[in-house]
Structure formats: C-alpha cells, structure tokens
Amino acid sequence: MPSPAPEKIPQHVAIIMDGNGRWAQTRGLPRLEGHRRGVETVRTIVDAARELGIRYLTLYAFSVENWKRPADEVSGLMGLLDYFLKRELDNLIKHKVRLLTIGRTDALPANVQRELKRVIDATKDFTEWHLVLALNYGARTELADAAKHYTSAVLAGTEKLAECSWENISRYLYTSAIPDPDLLIRTSGEQRVSNFLLLQCAYAELVFTPVLWPDFQKADLQLAITEYAQRERRYGLTSEQIKTGPR
Ligand code: IPE
Ligand code: IPE
Ligand code: MG
C-alpha cells in the first residue's frame, strides 16, 4: 500500500484498542484470550507506527472504568501488562522508543508499577519515538487531578488566577509533555470516545474501523492514515483561508 507523503503523516496517533472480548467470544474462547492476542497486536502496531514515521503513539490500555469488570479479567489484564513490559523492554531499547504513561498509575499493582518504572527509566533519554500507555486513565479524572494541582499552585502563588488560560492549565494535564493527537482511531466498530483524551482531541481527526483490535494490522493503520491525509483540518477557519492563508 503506498504511504501518504511524509508531511501528511500524523505526528501523534492515539488508538482506543477495542474488541478483544468480542474477538475471543466469537471463537468460543475466554475473553482473556482476546486480550492475549491484543498484546501481540500492540507489538505489531508499535513497530508499524515507527516504520510509518509516527513519532507519538498513544494506546488506551486500561480505563478508570475498566476496574468494574469481573475480578479475574482485571487481574488477567494486569498480568498481561506485566508480561508485555518485561517482553517489550529489549525491543523498545533496540528501536530507541521512549515509554511514557498517562493515568493514575499509582493505583496499579506494585509489580506492574515496578516494571513500568524500569522501562520508563531505561528509555527516558530517547527523543524521537514515543509510546504512551494510557493506564488507569480517564479524561475526567485527569481534569480533576489537573484542577487540584493548578489550585494548589494558585494558593502557593506560583500561578496567578488572572493568567488562567488553556496554555497554563494544560501544563497540569498528564499530557503536558506530549503534543495533542492528530488522529484518533477506534477499532471494533464502536463510535464513541469512552472518556479518552477529551480535551487533547479537540481538533483530532477521528477514524472508526470495524476491525477488532486482535485483527488490526499495519495495513489497517495505513488505511486510517490515508483517510486522515485526505481530511482538511480547518481549526475554525474557512476552506478558502486554509488554501490561501488567513487574512
Ligand atoms: C478492549 O477490548 C480492551 C480493554 C478495554 C482492556 P474489550 O475487552 O473492551 O473488548 P470488547 O469491547 O468487549 O469486545
Ligand atoms: C475503552 O474501551 C477502554 C479501553 C480500550 C482501554 P471499553 O470497551 O472499556 O469502552 P466502552 O465501555 O465500550 O465504552
Ligand atoms: Mg470494549
């Protein structure tokens, strides 16, 4: 499949990896088997994103709402996360990919937090490629956390209420060091954002694909990017202004 021109490649792609459960259930397998296959897709897509020139890849791996799933599914997911981090470390180092996280990771099991710290520390000096895992992430929780920290800074006098702006507040989001997503992809046919990066996706292009996450391949990512490349991002301007420049 021909790739779009380099300037049409999104800098940051965020993916809501959905459909693991249905992938397994249609095969008469336990849901966890779908999650296992989903982990294999993560490896494929991390490599594919880098090969396509995508500098930031954010993957929604576990939402704040996902704790409400059956206990054995939650513990299975945590086990897979631990396995993924142990297995991926060498691959991330080999390709100079920096691991970052967004979400309340301090509520994850201690062994997962340990592995995360290990991989984050080992990759912290890489600057070109970034894999961002959204773990125990919720956009509303992120806003509440940001509001708490921003208010503390105002009370401490390091922020001035009179200077309250999006630029200033956004420095308190989990994503302060990460550019906004250009393209948000959701697999599995669902067309909703499920509490994911609600503010950061203000001007992201959305692509929904019916492909279930365990079946998602490099060609599906390329297809989403081809669709993205055909969109005109107007940011409130008119199409004419985009073509001729604002006046
Ligand atoms: C996405 O797949 C993975 C997580 C939410 C952790 P699902 O488990 O939501 O799969 P479906 O939506 O039930 O098919
Ligand atoms: C969103 O998927 C969360 C992740 C992919 C981690 P869900 O499957 O949890 O979302 P809903 O419940 O269908 O909205
Ligand atoms: Mg789902």
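Rules of the game
- Residues numbered from 1 in each chain as written.
- Chains lettered and ligands numbered in written order.
- Predicted model: local features only at pLDDT ≥ 70, side-chain atom pairs only at ≥ 80, totals over all residues.
- Heavy atoms only, no water.
- Helix = DSSP H or I, 4+ residues; strand = E, 2+ residues; numbered from the N terminus.
- Buried < 20%, exposed > 50% of the residue type's maximum accessible area, 1.4 Å probe, protein only.
- Near = heavy atom within 4 Å.
- Polar contact = N/O pair within 3.5 Å; in protein donor to acceptor, adjacent residues only side chain to side chain.
- Areas by Shrake-Rupley, 256 points an atom, 1.4 Å probe, with all protein chains shown as cover.
- Nonpolar A, V, L, I, M, F, W, Y, C, P; charged D, E, K, R; others polar.
- Pairing = 2+ DSSP bridges.
- Expected span 1.5 Å × (residues − 1).
- Axes fitted to C-alpha atoms, helices over the stretch in contact; angles between N-to-C directions.
- Contact = heavy atoms within 4.5 Å.

A. Looking closely at the overall build of the protein. Counting its secondary structure elements, the protein contains eight helices and six strands. Put simply, the protein runs from its N terminus to its C terminus through helices and strands in the order β-α-α-β-α-β-α-β-α-α-β-β-α-α. Each principal axis of the C-alpha distribution contributes one length, and for the protein these read about 60 × 50 × 35 Å. Each of the 247 residues in the protein was classed as buried or not, and the buried ones make up 47%.

B. Here's a closer look at the site of ligand 1. Every residue near ligand 1 is listed here: M17, D18, G19, N20, G21, R22, R31, H35, A61, N66, R69 and L77. Note that an oxygen atom of ligand 1 is positioned 3.4 Å from one of the backbone N or O atoms of G19. Between ligand 1 and the protein, one listed contact pairs an oxygen atom with a backbone N or O atom of G21 at 2.9 Å. Protein burial of ligand 1: of its 380 Å² of free accessible surface, 87% is covered by the chains. The set of elements that each furnish at least two residues to the shell around ligand 1 consists of α1 (20-25) and α2 (31-52). Sort the elements by how many residues they give to the shell around ligand 1 and α1 lands first, with three residues. Among the residues forming the shell around ligand 1, the class breakdown is three nonpolar, five polar and four charged.

C. How the structure looks around the pairing of strand β1 (residues 12-16). Of all five residues making up β1, five are buried, and the element is well covered by its neighbours. Side-chain alternation along β1 places H12, A14 and I16 on one buried face and V13 and I15 on a second face that is also buried. Two elements, β1 and strand β2 (residues 56-63), share five bridges in a ladder whose sense is parallel. By the bridge assignment, A14 is partnered in β2 with T58. Where β1 and strand β5 (residues 183-186) come together, four bridges link them in parallel fashion. Bridging from a neighbouring strand, I15 pairs with I185 of β5.

D. Structural view of α2. Here α2 is 22 residues long and its end C-alpha atoms lie 31 Å apart, about the 32 Å a rise of 1.5 Å per residue gives. Immediately downstream of α2, the backbone of G53 shows phi near 95 degrees, a positive value.

E. Representation of the pairing of strand β6 (residues 205-208). Only one face of β6 is buried, namely the one carrying E205 and V207, since none of L206 and F208 on the opposite face is buried. Where β5 lies against β6, four bridges are found, and the strand directions are parallel. Residue pairing in the sheet places L183 in a bridge with E205 of β6.

F. Representation of the sheet that holds β2. Taken in spatial order, the six strands of this open sheet run β3-β4-β2-β1-β5-β6, and their pairing is parallel. Both outer strands of the open sheet, β3 (97-102) and β6, are each paired with one neighbouring strand and no more. Looking at each pair of strands side by side, their axes are set apart by 20 degrees on average, direction ignored. Those strands touched by α2 are β1, β2, β3 and β4 (129-137), and its axis lies near 160 degrees from that of β2. Docked against the sheet, helix α7 (residues 218-230) engages β1, β5 and β6, running at close to 135 degrees with respect to β5.

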